[in-house]
Number of protein chains: 4
Amino acid sequence: MEKKILLTDCPDDKGLIAKITNICYKHQLNIIKNDEFVDRVEGRFFMRTALEGIFNDATFLEDLDMALPQGAERRLVSAERKRLVLMVTREPHCLGDILMKCYSGAMDVEIAAVIGNHPDLGGLVEKFDIPYHCVSAQGLERFEHEQKVATLVDKYTPDYLVLAKYMRVLTSDFVARYSGRIINIHHSFLPAFIGAKPYQQAYERGVKIIGATAHFVTDDLDEGPIIEQDVIHVDHAYSAESMADAGRDVEKLVLTRALQLVLQERVFIHGNKTVVFK
Amino acid sequence: MEKKILLTDCPDDKGLIAKITNICYKHQLNIIKNDEFVDRVEGRFFMRTALEGIFNDATFLEDLDMALPQGAERRLVSAERKRLVLMVTREPHCLGDILMKCYSGAMDVEIAAVIGNHPDLGGLVEKFDIPYHCVSAQGLERFEHEQKVATLVDKYTPDYLVLAKYMRVLTSDFVARYSGRIINIHHSFLPAFIGAKPYQQAYERGVKIIGATAHFVTDDLDEGPIIEQDVIHVDHAYSAESMADAGRDVEKLVLTRALQLVLQERVFIHGNKTVVFK
Amino acid sequence: MEKKILLTDCPDDKGLIAKITNICYKHQLNIIKNDEFVDRVEGRFFMRTALEGIFNDATFLEDLDMALPQGAERRLVSAERKRLVLMVTREPHCLGDILMKCYSGAMDVEIAAVIGNHPDLGGLVEKFDIPYHCVSAQGLERFEHEQKVATLVDKYTPDYLVLAKYMRVLTSDFVARYSGRIINIHHSFLPAFIGAKPYQQAYERGVKIIGATAHFVTDDLDEGPIIEQDVIHVDHAYSAESMADAGRDVEKLVLTRALQLVLQERVFIHGNKTVVFK
Amino acid sequence: MEKKILLTDCPDDKGLIAKITNICYKHQLNIIKNDEFVDRVEGRFFMRTALEGIFNDATFLEDLDMALPQGAERRLVSAERKRLVLMVTREPHCLGDILMKCYSGAMDVEIAAVIGNHPDLGGLVEKFDIPYHCVSAQGLERFEHEQKVATLVDKYTPDYLVLAKYMRVLTSDFVARYSGRIINIHHSFLPAFIGAKPYQQAYERGVKIIGATAHFVTDDLDEGPIIEQDVIHVDHAYSAESMADAGRDVEKLVLTRALQLVLQERVFIHGNKTVVFK
């Protein structure tokens, strides 16, 4: 008995659930969990079907393709471990939480490598017997630096790139190269405090909550599809620095929650939004 | 075009989603939203299917009954307004929130009547042109009092009885009479602080959170299936009284959220638990 | 024995707590609760001292004025009930919650009157025997409408004006007239979604949290000092409308929490921020 | 300029704040932050005064002792790093989070050693160059095992013992030996689900929230003074195992938050409760 996940993303149509679940039934695949959503404004249907059984992928997908409307995207993914490359700068908290969760088995993923633009986090990464590459940006044009990073990344053929507090803005070229596969943690409850120094901005505005946002990276800085967000309460006694200190726990929680959702194939990108089946 | 909700609660079996959604499709009923859950420990299948179309209830249910395994319970409910009777003692906050939500249309339900064991809340209820009946328990045996209450309740043929801070324990007979139809708000995060004076108990224990629990009432005091719970943070500076003050907002929120879930047919009772499709 | 609150807001200096509490002690005033905060960036000291005893205001304040540095503001306020005028448009939930909390005694304040720019909420207000004035803006210049409103407001000499979902932007003149005394509820977690239709903006951005912000009104729209904020989680299945529905409970909670803080003299305005002693 | 914290815990009396802050002023110690609480039921006064200046501890404390009522406890603690010994069994998440926070400097404490009753976590601890001692309980009487543990603990003279998912119940003797200095994380929102297997109990009860509690260990199992608690929401789809998975993040957050509070001298033990100045 194998487990796979069928992901369907197509124009809405009548009887889609019946058609798809019928094909599963015909192939004697047991549905463990089924989640669906129809965006009625856009007329788009999303379904995640966790299946168990003996799969004949080719005939199953053939049957599906006959049943689904034109413009349908469907993927049948097996539950094998994904591979990540993490990108970091100097802050260890998000990196550390991911390393620890992988070490303990709480997150079932392979961290192929960590790439930093500073040497600071090499020692931590190497404790866990994971390669750390320091690619300094000093003296390099932006595109040169990214070229070096991309060459390294590609060597590891990761499923996703995770910006675990990577403090540099990526160019359109880099983003396009890994389209829909770069996940970032931004240290504010977007769309508040876009851009640099969100905690400083939050301090100056005198907000009573601070937060974090995990999102896919797109060309527009801090405007990509949001996967997960959370906040904590603060008060007048917080400086920008103590907001940053307090924010670290929520940053790491939001990033690892988002990662788990992506790794478990629970997230559809839908224009500039996401559909997330928790 | 009508809207109805199909609720299926049956032993788990292969192909149930396919079978049921197929019948919907065959009857040209569009699925607005489908939620399912399988309790694998108990081998029980639960599905809530929100449908739109032209219904022939008799033939539709006949088809379903042919498809479903033995021991299946299924209900096809139309989206018509439910009717409630509220039971209260002296505290107005839960009652007031429900009255206000009905008045504003935020909660789509008919409050047929409010029954209190004290006269205090009559004035408030009558502002909203809803009958208030004060049935004092003074000088009456428990069963006599409940008999008087039940006679009144039955006059209004409510779908649910809501104990909106009704501070008396109900007998087994009364509970049995409205089995699965009495919803209570308990002012603690059950199973903590079962019984009387939960805020006093919470104060004495020195907890850092207090909360509220909405549940169906069963024979076992405070042991019925939980529908919804939430908490707020407190600290050493709270007295039992200020806990009670602070707790009122969470009590009313939890109760109205639970009520909305029940009214929208999102809650299955499953032994001593609930399955809630949010 | 009387209860009063001493509020001190002055340039920071050595020994301020000692000096002030000494004077309290000398006057045989018992300190029930003392909260202080020093903004070290701005060099400003804030203290709220809840006192109990027999007050000779004149000599007490004289002693204080001798002890406090130049530029100090201090107020000794008695715990008497404040008076509010509420301003509303069409949505009843914030209004309703305040009315209910006053009715039940959970909020100890006098609602002198409610002013709406539509007749819709008159019926609700009058149930509670509170005057409702509908001042339509139709056919009036903005300043003419505000003039009519202000005339009415002034008749009631309120301590605070509460915009309980008042959907019109106020002019600088009106704001200046009640400077530091107008409290608004904005239906987003500011500074996200400033301006009109925050829920529509939130829907379009695809955020996973929505929220509400209670703040003092200043000249800059949605930029005034924030008193209180909170959020709730949403997902892809929410439309702009269902976000608005879900948001109502958090709006009313945030507004009444902020109001309680203001009424209990727990809030200092500090430039464009607040210092809030909870 | 040095920083120290004065902790006062004494019978309530008139003018205590004035008296204490006066002495600080007289000694030219600047008050960075002052927090006080009076338990009016018990008539007990608690104050935490963060001070900055040049300290003459002997004369300062002499002055204080003259001013404070009989039965007063006062401590003047310098802000030097505390030393911990952690005790673990097999689960790495709480341990890992503490190790990571110390490594990154987010938690300013020395982990002198980790003692486990199984060898499993040795590899993780040693990555961080911290001694790990495995003291198996196999074949030993409870008191023999604890004797071996205590001998090890004492070698490191820790300020606190932290049970970071140590799955054995301690005897009265062991608890008494480190009275008020053992901090435990319990994986439920106490007092719910006292004892073994709280997640299994939570699953069986069908609760909609699960949580964690950090508390000082006393003789009564799971009944010690609570320092910090938090919860997360779950639903019917969670098994006992997935509750345990989901609960790990809240367990580690609650434990490290509690630890930070203790390390920063923000926690007074007050009978079976705590006074926590956040």
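These figures come from a predicted structure and were not determined experimentally.

K.L.:
So what's going on with the relation of the copies chain A and chain B? Residues and values would help.
P.N.:
Placing chain A over chain B gives an RMSD of 0.0 Å and needs a rotation angle of 180 degrees, together with 0.0 Å of translation along the axis. When the rotation and shift are considered jointly, the pair of chain copies conforms to a two-fold rotation axis. Proximity to the rotation axis, assessed at the C-alpha, singles out Ala18 of chain A in chain A; its C-alpha lies 2.7 Å from the axis. Taken together, the interface assignments show that 100% of the residues at the interface of chain A recur at the interface of chain B, consistent with an identical surface on both copies.

K.L.:
How would you sum up the interface of chain C and chain A? Please name residues and give values.
P.N.:
Contact with chain C, which involves 33 residues of that partner, is made by 33 residues of chain A. Buried area between chain C and chain A, summed over both chains or domains, comes out near 2,700 Å², and the portion from carbon and sulfur atoms is 57%. Counting the surface chain C buries against chain A, the share from its top three residues, Arg205, Lys208 and His236 of chain C, is 27%. Between the two partners, chain C and chain A, sit 2 salt bridges. Counting the contacts that link chain C with chain A gives 18 residue pairs in polar contact (both at pLDDT 80 or more). When residues of the side of chain C that touches chain A are traced back to their parent elements, those giving at least two are β2 (30–39), α7 (198–205), β11 (226–233) and β13 (273–276) of chain C. The element that contributes the greatest number of residues to the side of chain C that touches chain A is β11 of chain C, accounting for 7 residues. Its residues placed into classes, the side of chain C that touches chain A shows 17 nonpolar, 7 polar and 9 charged.

K.L.:
Tell me what's going on with the relation of the copies chain C and chain A, and back it up with residues and numbers.
P.N.:
Expressed as a screw operation, the relation of chain C to chain A combines 0.0 Å of axial shift with a rotation of 180 degrees, fitting to an RMSD of 0.0 Å. A shared binding surface is used by both copies, with 100% of the interface residues of chain C retained as interface residues in chain A.

K.L.:
A description of the side chain of Lys127 of chain C should follow, citing residues and the corresponding values.
P.N.:
Tracing the backbone through its elements, the reader meets Lys127 of chain C in helix α4 (residues 122–127). Look at Lys127 of chain C: it is buried, it has no salt bridge, and the nearest opposite charge is Asp129 of chain B at 4.4 Å. In terms of polar contacts, Lys127 of chain C uses its side chain to reach the backbone carbonyl oxygen of Lys127 of chain B, at 2.9 Å. Leaving out residues up to four positions away in the same chain, Lys127 of chain C has contacts with Tyr103, Lys127, Phe128 and Asp129 of chain B.

K.L.:
An account of helix α5 (residues 142–156) of chain D is needed here, citing residue identities and associated values.
P.N.:
Each full turn of the α-helix corresponds to 3.6 residues, which orients residues three or four apart in the same direction. Residues and elements named next belong to chain D. For α5, built from 15 residues, the straight-helix expectation of 21 Å at 1.5 Å per residue is met to within 8% by its first-to-last C-alpha distance of 22 Å. Buried residues in α5 make contact with β5 (82–88), β6 (109–116), β7 (132–134), β8 (160–163) and α6 (172–177). Taken from the residues just after α5, Thr157 is the one with a positive phi, measuring 40 degrees.

Conventions and cut-offs
- Residues numbered from 1 in each chain as written.
- Chains lettered and ligands numbered in written order.
- Predicted model: local features only at pLDDT ≥ 70, side-chain atom pairs only at ≥ 80, totals over all residues.
- Heavy atoms only, no water.
- Least-squares fit on C-alpha atoms with pLDDT ≥ 70 in both.
- Contact = heavy atoms within 4.5 Å.
- Buried area = accessible area lost by both parts, 1.4 Å probe.
- Salt bridge = Lys/Arg side-chain N within 4 Å of Asp/Glu carboxyl O.
- Polar contact = N/O pair within 3.5 Å; in protein donor to acceptor, adjacent residues only side chain to side chain.
- Helix = DSSP H or I, 4+ residues; strand = E, 2+ residues; numbered from the N terminus.
- Nonpolar A, V, L, I, M, F, W, Y, C, P; charged D, E, K, R; others polar.
- Buried < 20%, exposed > 50% of the residue type's maximum accessible area, 1.4 Å probe, protein only.
- Lys, Arg positive; Asp, Glu negative; His and termini not counted.
- Expected span 1.5 Å × (residues − 1).

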